[in-house]
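Analysis of the macromolecular model
Spelled out, the chains give:
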Amino acid sequence: MDLYGADSYVIAARLGFKEVTRTYLQRLLKARSEKWIPPTILFSIYFSLGENENGLQSLYQAA
């Protein structure tokens, strides 16, 4: 799982390519069982999709 491309998906979501970003988010969530995913990445992606509650929840779980 390439985490370095996460910023590209945040930008893509803000440009209107939300389904592509949601697909990437689902891949990240599946990979979480095998690999540590920084909560800030999940937070950024959720917020770029307008899913603010899920973004805050990811930060709360990390704390």
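This text gives an overview of the structure that appears in the document. Nothing here was measured: the structure is a model prediction, and the numbers come from that model.

Let's talk about helix H1 (residues 6-14)
Every buried residue of H1 is listed here: Ala-6, Val-10, Ala-12 and Ala-13. Along the axis of H1, the buried positions cluster into a sector of 160 degrees, meaning they face one direction only. Turned more than 90 degrees off the buried face of H1, the exposed positions are Asp-7, Ile-11 and Arg-14. Check the buried side of H1 and you find it contacts helix H2 (18-31) and helix H3 (39-48).

Some points on the packing of H1 against H3
The geometry of H1 relative to H3 is characterised by a closest axis approach of 8 Å and an angle of 15 degrees between their N-to-C directions. Taken together, the axes of H1 and H3 are roughly parallel relative to one another. Along this stretch, H1 crosses H3, giving a crossing that reads as left-handed. In this structure, H1 uses Ala-6, Val-10, Ala-13 and Arg-14 to contact H3, whose residues at the interface are Ile-41, Ser-44, Ile-45 and Ser-48. Tallied by class, the residues present in the contact of H1 with H3 amount to five nonpolar, two polar and one charged.

What to know about a nonpolar patch on the surface
Together, Ile-11, Leu-15, Phe-17 and Val-20 give the surface a local cluster of nonpolar side chains, amounting to about 430 Å² of exposed area. By the secondary structure assignment, Ile-11 is in helix H1.

Looking at the packing of aromatic side chains
The final tally for this structure, using the stated rule, is two aromatic pairs. Here the aromatic rings of Tyr-9 and Tyr-24 are separated by 3.9 Å at their centres, their planes lie at 5 degrees, and the arrangement is stacked. Pair noted here: Tyr-9 is in helix H1 and Tyr-24 is in helix H2, with a separation of 15 residues, a long-range link. Taking 4.4 Å as the distance between ring centres and 40 degrees as the angle between the ring planes, the aromatic pair formed by Phe-43 and Phe-47 counts as tilted.

Calculation notes
Residues numbered from 1 in each chain as written. Predicted model: local features only at pLDDT ≥ 70, side-chain atom pairs only at ≥ 80, totals over all residues. Heavy atoms only, no water. Buried < 20%, exposed > 50% of the residue type's maximum accessible area, 1.4 Å probe, protein only. Helix = DSSP H or I, 4+ residues; strand = E, 2+ residues; numbered from the N terminus. Arc of directions from axis to C-beta. Contact = heavy atoms within 4.5 Å. Axes fitted to C-alpha atoms, helices over the stretch in contact; angles between N-to-C directions. Parallel < 35°, antiparallel > 145°, perpendicular 65-115°, else oblique. Left-handed = near helix turned anticlockwise from the far one by under 90°. Nonpolar A, V, L, I, M, F, W, Y, C, P; charged D, E, K, R; others polar. Patch = residues over 30% accessible without salt bridge, like charges linked within 9 Å, V, L, I, M, F, W, Y side chains within 5 Å. Areas by Shrake-Rupley, 256 points an atom, 1.4 Å probe, with all protein chains shown as cover. Salt bridge = Lys/Arg side-chain N within 4 Å of Asp/Glu carboxyl O. Phe/Tyr/Trp six-rings, centres within 6.5 Å; stacked < 30°, edge-to-face > 60°.

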